[in-house]
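A closer look at the structure
Here are the chains, one letter per residue:
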Amino acid sequence: MATASSVTSPQHSSCFSRFRRDPAANRETLLSFGLRSRHNQIRCESLRSSSESRVTRRGEAVVTAAKKRHQSPERCAAEGILIGGGEVEVAREVGTLIPERMKVVMLTACMMCLCNADRVVMSVAVVPLAEKLGWSSSFLGVVQSSFLWGYIFSSVIGGALVDRYGGKRVLAWGVALWSFATLLTPWAAAHSTVALLCVRAFFGLAEGVAMPSMTTLLSRWFPMDERASAVGISMAGFHMGNVVGLLLTPLMLSSIGISGPFILFASLGLLWVSTWASGVTNNPQDSPFITRSELRQIQAGKPVHHPTSSSKPNPSLRLLLSKLPTWAIIFANVTNNWGYFVLLSWMPVYFQTVFNVNLKQAAWFSALPWATMAVSGYFAGSASDFLIRTGHSVTSVRKIMQSIGFMGPGLSLLCLNYAKSPSCAAILMTVALSLSSFSQAGFLLNMQDIAPEYAGFLHGISNCAGTLAAIVSTIGTGYFVQWLGSFQAFLTVTAFLYFATTVFWILFATGERVF
């Protein structure tokens, strides 16, 4: 113990003596412990300040970009758009890819093209069939309307199925079934008139799911300020179906025979189904092909609402019909279908009987209005999206577009009564149909506005009423022509129906959510 004590004491004494010999160095050593801690603290605060500054600058850049692009800051943030050094910089993922939603809308446009082409084939083929079988004008109207007999029933059922199961599956079955009915049509015409009417009714039954599926699917795949353009592209395909059907059908009838155009369009429909089944999903978040940035962009541009369960039943019909905005949509659909199917079903017959042109010439005169309608429909959708992005309310935009879509055709049909040549009549019909395409950015989109969770069901109800109006107008045109010997009286009735519905729409339509 004595030894240990003797060793320890000199060590303590030595350390103390060194501390006393160089007090300045030892003071720096002791202070360095505290200074190092303070230095680290300052560095952390500097990094935090720098990070906050970068976040602030990025937020200001996104707001600036939003103002320049007429979009919401959330939308620009989702797209990854920044402003730096006075230039726009877009944050892109590796590689240049076509947006998945554009693939969806292009496939939808192709489907809508086939949908309408399959209808138009019969509108052209019915002329030689009527001559061969000796049908009167009134019975010709019955044959033309037989498509609508099935269409009226499938609209409501198809809309409810779309809300429950999504547009992909319902649309695939619909296209497959109506392509099969198209294939059977020439056989049915050769067999008996009753068989032809039954096949055409089945054809309409399958086609009734097309419109509800299209609007519901696009509302899920596109943000609010792109939705009208997406519908415009799809409906452009729909109207181009008129052009394709009106131009190809007379050529194939004269070269191949009655069965030629029906086989062609049925085959194209089955080919479309095989592509659709493997390339599209009901919702963008379920797609294995969509990029994260595109998904964020779609979700950022949608209105916020609480999604309902797929098992939740649709609202009662009484509840839907208790609201005036619902009736505004129903009356708009009635008027739109009334005028549309009169022109679709009777345009070739009109040019042939009033101006005595042959079937091929009538097809060319009839095709021109539908081609311009495809272009004007896309323009209407783009204009609608632009107005919404620049701050106009959805309600005012829907009212403006629908008013153009009804007032324009009404005035054009009144002027058509005074057309003296097929060229003048074609110009007036072109104006009428071109302006009527503005309805695509009106009542057709308004269903998603007032009832986003039940749009398919609401579309089915309004389309059911519209189909009933189309049946009455298609058959009524035949009886008017047979009784009065001209189209003038019915064109005047249709024009005033356009005017009356415009007034009702302006008074009671809304772009706000109701259900």
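Residues numbered from 1 in each chain as written. Predicted model: local features only at pLDDT ≥ 70, side-chain atom pairs only at ≥ 80, totals over all residues. Heavy atoms only, no water.

A look at the overall build of the protein
The condition that has to hold: Numbering goes from the N terminus for both helices and strands, where a helix is a DSSP run of H or I of at least four residues and a strand is a run of E of at least two. Under the scheme applied here, a residue whose accessible area is under 20% of the maximum for its type counts as buried, over 50% as exposed, and between as partly exposed, the area being computed with a 1.4 Å probe on protein chains only.
Within the protein, the secondary structure is distributed over 19 helices and 2 strands. A total of 515 residues make up the protein; the buried ones form 52% of that total.

Examining the nonpolar core
As a reminder, the rule being used: To form a nonpolar core, buried Ala, Val, Leu, Ile, Met, Phe, Trp, Tyr and Cys residues must be joined to one another through side-chain atoms within 4.5 Å. Just so you know, the domain bounds were taken from an automatic or database domain assignment.
Core analysis: the largest hydrophobic core is formed by 122 residues, its most contacted members being Trp272, Phe351 and Leu416. Per-element tally for this core: the top contributor is helix α4 (residues 100-133), with 18 residues. Both domains that furnish three or more residues to this core are identified here as domain 1 (99-302) and domain 2 (318-514).

Some thoughts on the UniProt feature "transmembrane region" (unreviewed entry) in the protein
As a reminder, the rule being used: UniProt positions are given in the numbering used here, feature names are shortened, and annotations may be inferred rather than shown by experiment.
What UniProt calls "transmembrane region" (unreviewed entry) maps, in this numbering, to residues 139-163, 170-188, 194-218, 327-347, 367-388, 425-445, 457-481 and 487-508. Within the segment residues 170-188, helix and strand shares are 100% and 0% respectively, and the terminal C-alpha atoms sit 26 Å apart. Secondary structure within residues 367-388 divides into 100% helix and 0% strand; the distance between the first and last C-alpha atoms comes to 32 Å.

Here's the deal with helix α8 (residues 210-221)
Because the α-helix completes a turn every 3.6 residues, residues three or four places apart line up on one side. Threshold: Here, expected helix span is obtained from the residue count minus one, scaled by 1.5 Å.
Relative to the 16 Å expected for 12 residues at 1.5 Å per residue, α8 spans 16 Å between its end C-alpha atoms, a close match to the ideal helical length. Those residues of α8 that fall on the buried side of the exposure criterion are Ala210, Met211, Pro212, Ser213, Met214, Thr215, Thr216, Leu217, Leu218, Ser219 and Trp221.

Describing the pattern of salt bridges
How we decide: Salt bridge, as used here: a side-chain nitrogen of Lys or Arg that lies within 4 Å of a carboxyl oxygen of Asp or Glu.
Counting across every chain of the model gives 5 salt bridges. One salt bridge in this structure joins Glu294 and Arg101, with 3.2 Å as the shortest N-O distance. With Glu294 in helix α11 (residues 292-300) and Arg101 in helix α4, this residue pair connects regions lying 193 residues apart in the sequence. You can call Arg101 buried: its relative accessible area is 8%. The residue Arg119 makes a salt bridge to Glu207 at a minimum N-O spacing of 2.7 Å. Of this pair, Arg119 sits in helix α4 while Glu207 sits in helix α7 (residues 193-207), and the two are 88 residues apart along the sequence. Classification of Arg119 as buried rests on a relative accessible area of 5%. On the accessibility criterion, Glu207 (0% relative accessible area) is buried. Within the structure, one salt-bridge network assembled from shared partners comprises Arg101, Glu226 and Glu294.

Points about the environment of Met373
Going by this rule: Two residues qualify as a contact provided that any one of their heavy atoms is within 4.5 Å of a heavy atom in the partner residue.
If you trace the backbone, Met373 turns up in helix α14 (residues 359-389). A C-alpha to C-alpha distance of 9.0 Å links Met373 and Ala432, two positions 59 residues apart in sequence. With near-sequence residues (within four places) excluded, Met373 lies in contact with His239, Leu433, Ser434, Ser436 and Ser437.

Section: the packing of aromatic side chains
The cut-off we apply is this: Between 30 and 60 degrees the pair is tilted, below 30 it is stacked and above 60 it is edge-to-face, where a pair is any two Phe, Tyr or Trp rings, Trp via its six-membered ring, whose centres lie within 6.5 Å.
Applying the stated criterion across every chain yields a total of 11 aromatic pairs. Centre to centre, the rings of Phe147 and Phe203 are 5.5 Å apart; their planes meet at 50°, and the pair counts as tilted. Taken together, the residues Phe147 in helix α5 (residues 137-165) and Phe203 in helix α7 connect sequence positions 56 residues apart. Residue classification places Phe203 among the buried residues on the basis of a relative accessible area of 0%.

Remarks on the state of the cysteines
Disulfide: a covalent bond formed between the sulfur atoms of two cysteine residues. Going by this rule: Note on terminology: disulfide denotes any pair of cysteine sulfur atoms within 2.5 Å.
The full count for this structure, using the stated rule, is 0 disulfides. In this structure Cys415 is not part of a disulfide, and its nearest cysteine sulfur, from Cys424, lies 8.7 Å away. Using a relative accessible area of 42% as the deciding quantity, one classes Cys415 as partly exposed.

A word on the packing of helix α15 (residues 394-416) against helix α19 (residues 488-508)
This is how it is decided: For every element, the axis is a line fit to its C-alpha atoms; helices are fit only across the contacting stretch, and the angle between N-to-C directions ranges from 0 to 180 degrees. Comment on the angle field: the value is read as roughly parallel under 35 degrees, roughly antiparallel over 145, roughly perpendicular from 65 to 115, and oblique elsewhere. Crossing handedness is defined as follows: a turn of the near helix away from the far one that is anticlockwise and smaller than a right angle gives a left-handed crossing, while the clockwise case is right-handed. Here the term charged refers only to Asp, Glu, Lys and Arg, the term nonpolar to Ala, Val, Leu, Ile, Met, Phe, Trp, Tyr, Cys and Pro, and the term polar to all other amino acids, Gly among them.
Contact geometry for α15 and α19: axes closest at 8 Å, N-to-C directions at 160°. One element, α15, and the other, α19, form an angle in the roughly antiparallel class. For the crossing formed where α15 meets α19, the hand is left-handed. Facing Arg398, Lys399, Gln402, Ser403, Phe406, Met407, Pro409, Gly410, Leu411, Leu413, Leu414 and Leu416 of α15, the residues of α19 in contact are Leu491, Thr492, Thr494, Ala495, Phe496, Tyr498, Phe499, Thr501, Thr502, Trp505 and Ile506. The residue makeup of the contact of α15 with α19, split by class, is 14 nonpolar, 7 polar and 2 charged.

Quick notes on the confidence of the model for the protein
Where we set the bar: pLDDT expresses, on a scale from 0 to 100, how confident the predictor is about each individual residue.
Looking at the protein as a whole, its pLDDT mean stands at 77, while 76% of the residues score no less than 70. Overall, residues 1-20 carries pLDDT values under 50, and its contacts beyond four positions in sequence, including any with other chains, amount to 2 contacts. With pLDDT under 50 throughout, residues 74-96 is counted as low confidence; its partners more than four residues away or in other chains account for 41 contacts.

Regarding the packing of helix α6 (residues 167-191) against α8
Across the interface, α6 lies against α8 with an axial gap of 9 Å and an inter-helix angle of 150°. Put simply, α6 runs roughly antiparallel to α8. Our pair here, α6 against α8, has a crossing hand that is left-handed. On α8, the residues touching Gly167, Lys168, Val170, Leu171 and Trp178 of α6 are Ala210, Ser213 and Leu217. Tallied by class, the residues present in the contact of α6 with α8 amount to 5 nonpolar, 2 polar and 1 charged.

A few points about the side chain of Ser179
Within the secondary structure layout, Ser179 lies in helix α6. The exposure class assigned to Ser179 is buried, which follows from its relative accessible area of 1%. The contact partners of Ser179, leaving out residues within four places of it in the chain, are Ala266, Gly269 and Leu270.

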